[in-house]
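What follows is the residue order along each chain.
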Amino acid sequence: MAAQQKFVYSFTEGNKDLKDLLGGKGANLAEMTNLGLPVPPGFTITTEACKVFLETGSEPTSLHKEISEHLDSLEQQMGKQLGQPDNPLLVSVRSGAKFSMPGMMDTVLNIGLSDVSVAGLAAQSGNERFAWDSYRRLVQMFGKTVLGVDGELFEEALEEAKEAKGTANDLDLTTEDLKTLVDTFKAIVLRETDREFPQDPREQMDLAIHAVFHSWNGDRARLYRRQERIPNDLGTAVNVCSMVFGNLGEDSGTGVAFTRDPSTGAVGVYGDYLSNAQGEDVVAGIRNTLQLSELEKLDKKSYDELMTIMQKLELHYRDLCDIEFTIERGKLWMLQTRIGKRTAAAAFRIAVQLVDQGLIDLDEALHRVTGGQLSQLMFPRFAPDATSKQVAWGIAASPGAAVGKVVFDSYTAVKWSRSGEKVILVRRETNPDDLDGMIAAEGILTSRGGKTSHAAVVARGMGKTCVCGAEELEVDTKRRRLTTADGQVVEEGDVVSIDGATGKVYLGEVPVLPSPVVEYFEGTLHAGADVQGGLVQAVHRLMSHADVRRKLAVRANADNAEDSNRARRYGAQGIGLCRTEHMFLGEERRKEVEHLILADNDKDREQALSALLPLQKGDFIELFQSMDGLPVTVRLLDPPLHEFLPDITELSVRVALAEARKDPNENDLRLLQAVHRLHEQNPMLGLRGVRLGLVIPGLFGMQVRAIAEAAAERKLAGGDPRPEVMIPLVGTVQELELVRDECERVLAEVASSTGVKLDIKLGTMIELPRAAVTAGQIAEAAEFFSFGTNDLTQTVWGFSRDDVEASFFTAYLEKGIFGVSPFETIDRDGVGSLVKLAVEAGRATRPDLKLGVCGEHGGDPESVHFFHEVGLDYVSCSPFRIPVARLEAGRAALETAGSDSR
């Protein structure tokens, strides 16, 4: 008989490797328990129980009994019962998914308090005020989190109580004030829900557990998962933990600590501490915190013990640890540890520091940084000599230089951002409901909170610039303005600049400078510069190791010498896509293309092509010179010819006005006729790519001749050009064979006339579903494939990119149809399957077939991993994304090696 599935685990039963089952929080509580650290006893309800609850609408049949058994055991261990009148056991009910989702799901503290047991807690603690403060916190959290009451109603009642007392500090409220506040809160619950606040402690706990399960599918949790690309089917665990109290008096408190600075990576003592407070006070930023180092003066014994534990945890996890702790009357308790979120700069610095300490090797260090983080490091920074007025100096919570118009709520941030405005979201403190606005904003500015506040933690995770705890600023969200210390008023819509690296806030727009990491790639950073505490050196070491490890080459999408020179400085190993249509832009060249389009006989057509030939040849000479010794893949003309003609509306107006003046322009009339002749209902599926080469005699031949003559000239000058000719939009091998015949004839003529032996490969783009499924046949006539994943995505999905991204992609993302846009990250199941099919079929026909990708996916971190997995030889992307592609290609190789070793 099969054993019944187990849904509840004591903290003594798990370990840090069971995150899939116990969630990150539960697994790490178990790990700390195993290490002998002071963890309050408790148990974890598994993610599997959550999945059953969400799928069926009810908890697993055995769950209630399992919870009861673990609760009985906890009560025996603690020597008290949940909510008993004279000596109540109180517990917290906390979410805990596999991946950290700070503030996105629900937590309820002080479960077990009631009108009866609050007196027992007062007697037990000898502190009546503490007991009633804990009870009002429970009613407030439970009302908002479990019963769905608007949290602002409780906040307003609390503010009114403080105003009546003439104070801005919660701690100034007396026991009687808190008793009155509890009655007010309970009345709010009754009014808003038509039910009394529950007095049965087990009912409180069960409802709280269900609320945490439900919060997995809450709007903010879904949005956060989409932003961070966390799968929707993981579910959350629930941790039921015996309460320890930091709000018992000045010998108690709560805090959050980091074993290194999560903003910079610097080694030291970092974190926030609040005396006489519970954990949510620190994270919410409601009261401004003390620096963790101040704890040494307040309670040296607890401080020293905490330092020892922090060192032990960092050595055990071999990484930056984020720790939550509470001190209850001089006794230190560990409430949570996890691998800490950090800024991009800190990620690179810490990875290299740990290598130098001998805790990890370079492979592991490379695994711990990402292309997304490297992209953040390439953002600009403020000019140090800026003359803008500094109006505040807060806590540097998440670095970057952000400029935008001030907005005071999430809704406005999203609305203005969608209309193209850059905004800075300004709040007293953020909460999880502000997530939409935080995503939309360029940066976040708060007047309260520290490095461990909600705003700071979420901003660091998203790579958003953030300044917290700017106390000089008085933020008035109702009147939609902030006031500086010298009385200057900043209205909604005024521009401010915030520096997340220094914490400084400026009025107006501050000029920005390029990132030192960009200067490093550009080669303009002066030698030996220890910029930003060794950041550039850390990037250099990890990029160098990525280059050693990666199997994928990285090329650039570049059409001119300037871009190709930059690409080479950024580490490109050639050009994977040169779009020749970009070479036809500009007034002089556009005129020549117009002549080609208007040509209605062979003589005029040949004359137009002859005029274009030297222009194309000159472009290729520059390109081959800048990429000397490296491959340059030249795509023959791809877009429809109407793109080179004037706009039909503009041209029609011009012709009509000329006729009205009785001064018609013959050339405009011919152009208008050509525009009408070439007009297509769906031009991206019409006369373009290989079809142009077959319909317009000599067009592709002219381009191939220009490539060949440029290569011959570079060879004669002592260069090493390595051009490759790529035919676009092929759907059948017969198209490719016809164009290939013409190309080979032209190449032979140029070789003969110049006396230069030319080795120029001929290949094609795979960007149509038919090309992918017949790749085995097409490989007979192609020496290389380059996957054009932009068009392949359009044709697989039946999307017109220019239309769908504006019309319904937002709705698809919100409804969860997409986790991410398929134009941003490769659609593995659809487009990816065709790529894999074409790779296998192409190499079955031609084992030495060279394979690459030249769509925008070539620079997307997740897509790079896919292209490595399916066995491509290279990716090609824009010059600025080359470092990201290099880094991710190295990480992809490590992942494959790790998978193979397992």
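What comes next concerns the included structure. Residues take numbers from 1 onward in each chain, read along the sequence in its written order. Predicted model: local features are reported for residues with pLDDT of at least 70 only, side-chain atom pairs are reported and counted for 80 or more only, and whole-chain, interface and lining totals are derived from all residues. Each side-chain value is derived from all of the structure's non-hydrogen atoms; neither hydrogens nor water enter the calculation.

What about the packing of helix 5 (residues 128–145) against helix 6 (residues 151–165)?
Cut-off, in case you're wondering: All axes are obtained by fitting lines to C-alpha atoms, using only the stretch in contact for helices, and the reported angles, taken between N-to-C directions, cover 0 to 180 degrees. The way it works is that DSSP assigns letters per residue, a run of H or I at least four long becomes a helix, a run of E at least two long becomes a strand, and they are numbered from the N terminus. Working rule for angles: under 35 degrees goes down as roughly parallel, over 145 as roughly antiparallel, 65 to 115 as roughly perpendicular, anything else as oblique. Note on contacts: a residue pair is in contact if any heavy atoms of the two residues lie within 4.5 Å. Gly is put with the polar residues, along with every residue not named as nonpolar or charged; the nonpolar set is Ala, Val, Leu, Ile, Met, Phe, Trp, Tyr, Cys and Pro, and the charged set is Asp, Glu, Lys and Arg.
Where helix 5 meets helix 6, the axes come as close as 8 Å, and the angle between the chain directions of the two elements is 155°. Taken together, the axis directions place helix 5 and helix 6 in an arrangement best described as roughly antiparallel. Contact residues: helix 5 offers R136, V139, Q140, G143 and K144, while helix 6 offers G151, F154, E155 and L158. In terms of residue class, the contact of helix 5 with helix 6 is built from 3 nonpolar, 3 polar and 3 charged.

Notes on the sheet that holds strand 27 (residues 575–579)
Two modes of strand pairing occur in sheets, parallel and antiparallel, and in both the strands are linked by backbone hydrogen bonds. Threshold: Note on pairing: DSSP must find at least two bridges between two strands before they are called paired.
On the basis of which strands lie adjacent, the closed barrel formed by 8 strands has the order 26-27-28-29-30-31-32-33 and parallel pairing. Taken over all neighbouring pairs, the strand axes of this sheet differ in orientation by 30° on average, direction set aside. Where strand 27 meets strand 28 (residues 631–635), 3 bridges bridge the pair, whose relative direction is parallel. Across the sheet, R579 pairs through a bridge with R635, a residue of strand 28. Contacts from helix 28 (residues 733–754) reach strand 29 (722–727) and strand 30 (761–766) within the one sheet, and its direction differs from that of strand 30 by about 150°.

Remarks on a nonpolar patch on the surface
Here is the rule we go by: Exposure above 30% relative accessible area and no salt bridge define the residues that can form patches, which grow by joining like charges within 9 Å and nonpolar side chains of Val, Leu, Ile, Met, Phe, Trp and Tyr within 5 Å. Per-residue accessibility takes into account occlusion by the displayed protein chains alone, with areas from the Shrake-Rupley method and a 1.4 Å probe. We define a salt bridge as a contact between a side-chain nitrogen of Lys or Arg and a carboxyl oxygen of Asp or Glu at a distance within 4 Å.
A surface patch of nonpolar side chains, about 270 Å² in accessible area, is lined by L694, V695 and L738. Within the fold, V695 resides in helix 26 (residues 690–695).

Description of the nonpolar core
A general tendency of soluble globular proteins is for nonpolar side chains to be buried together. As a reminder, the rule being used: We define the nonpolar core as a collection of buried residues of types Ala, Val, Leu, Ile, Met, Phe, Trp, Tyr and Cys that are connected through side-chain atoms lying within 4.5 Å of one another. Relative accessibility decides the category of a residue: with a 1.4 Å probe and only protein chains considered, values under 20% of the type maximum give buried, values over 50% give exposed, and everything between is partly exposed.
If you look at the biggest cluster of nonpolar residues, it comprises 130 residues, and the most contacted ones within it are F348 and L374. Sequence-distant contacts of L374, defined by excluding residues within four places in its chain, comprise F348, V517, F521, V539, M543, P883, V884 and L887. With 55 residues, the next largest nonpolar core counts F43, F53, W132 and L173 among its residues.

A short note on empty space enclosed by the protein
Our working rule: Think of a 1 Å grid over just the protein atoms. A cavity is a set of points where a 1.4 Å probe fits yet cannot get out, a pocket is an open set with protein on both sides within 12 Å along at least five of seven lines, and lining residues have an atom within 4 Å of a point. Grid points are joined across faces, edges and corners, and a volume is the space filled by probe spheres set on the points.
What the rule picks out here adds up to 3 cavities of 30 Å³ or more. Every residue along the wall of the largest cavity is listed here: V391, V406, V426, L445, L473, L482, V490, V496, V505 and L507. By residue class, the composition of the lining of the largest cavity is 10 nonpolar, no polar and no charged.

Section: the pairing of strand 17 (residues 423–427)
Selection rule: Note on handedness: a crossover is taken as right-handed if, strands pointing away from the viewer, the path from the first strand over the helix to the second is clockwise.
Of all 5 residues in strand 17, 5 are buried; the element is thus mostly enclosed. Along strand 17, one buried face is formed by V423, L425 and R427 and the opposite face, lined by I424 and V426, is buried too. Where strand 16 (residues 401–407) lies against strand 17, 3 bridges are found, and the strand directions are parallel. Within the sheet, the bridge partner assigned to V406 lies in strand 17 and is I424. Between strand 16 and its parallel partner strand 17, the chain crosses via helix 16 (residues 410–418), and the hand of that crossover is right-handed. Where strand 17 meets strand 18 (residues 443–446), 4 bridges bridge the pair, whose relative direction is parallel. Within the sheet, the bridge partner assigned to I424 lies in strand 18 and is G443. Handedness of the crossover is the feature at issue here: the chain leaves strand 17, passes through helix 17 (residues 435–440), returns alongside strand 18, and the resulting connection is right-handed.

Notes on the side chain of R342
The line we're drawing: Here a polar contact is taken to be a pair of N or O atoms separated by no more than 3.5 Å, where protein atoms must pair a possible hydrogen donor with a possible acceptor and residues adjacent in sequence count only if both atoms sit in side chains.
Inspection of the secondary structure puts R342 in the loop between strand 12 (331–339) and helix 13 (344–356). Judged by its relative accessible area of 14%, R342 falls in the buried class. Side chain to side chain, R342 and D319 meet in a polar contact 2.8 Å long. Only 2.9 Å separates the side chain of R342 from the backbone oxygen of G340, close enough to count as a polar contact.

Describing the sheet that holds strand 22 (residues 489–491)
With antiparallel pairing, the 3 strands of this open sheet are ordered in space as 20-21-22. Edge strands, defined here as strands with exactly one partner in the open sheet, are strand 20 (474–476) and strand 22. Here the strands of the sheet are splayed against their neighbours by 20° on average, with no regard to which way each runs. Where strand 21 (residues 481–483) meets strand 22, 3 bridges bridge the pair, whose relative direction is antiparallel. When the bridges of strand 22 are listed, T483 appears paired with V489.

Things to note about the pattern of salt bridges
In the structure shown here, the tally under the stated rule is 58 salt bridges. With a closest N to O distance of 3.7 Å, D17 and K16 form a salt bridge. Taking the shortest distance from any N to any O, the salt bridge between E48 and K51 comes out at 3.2 Å. One end of the pair, E48, and the other, K51, are both in helix 2 (residues 47–56), 3 residues apart, so they sit about a helical turn from each other. E48 gets classed as partly exposed once you look at its relative accessible area, which sits at 28%. Look at the salt bridges and you will find they share partners, linking D133, R136, R137, E159, K162 and D170 into a network.

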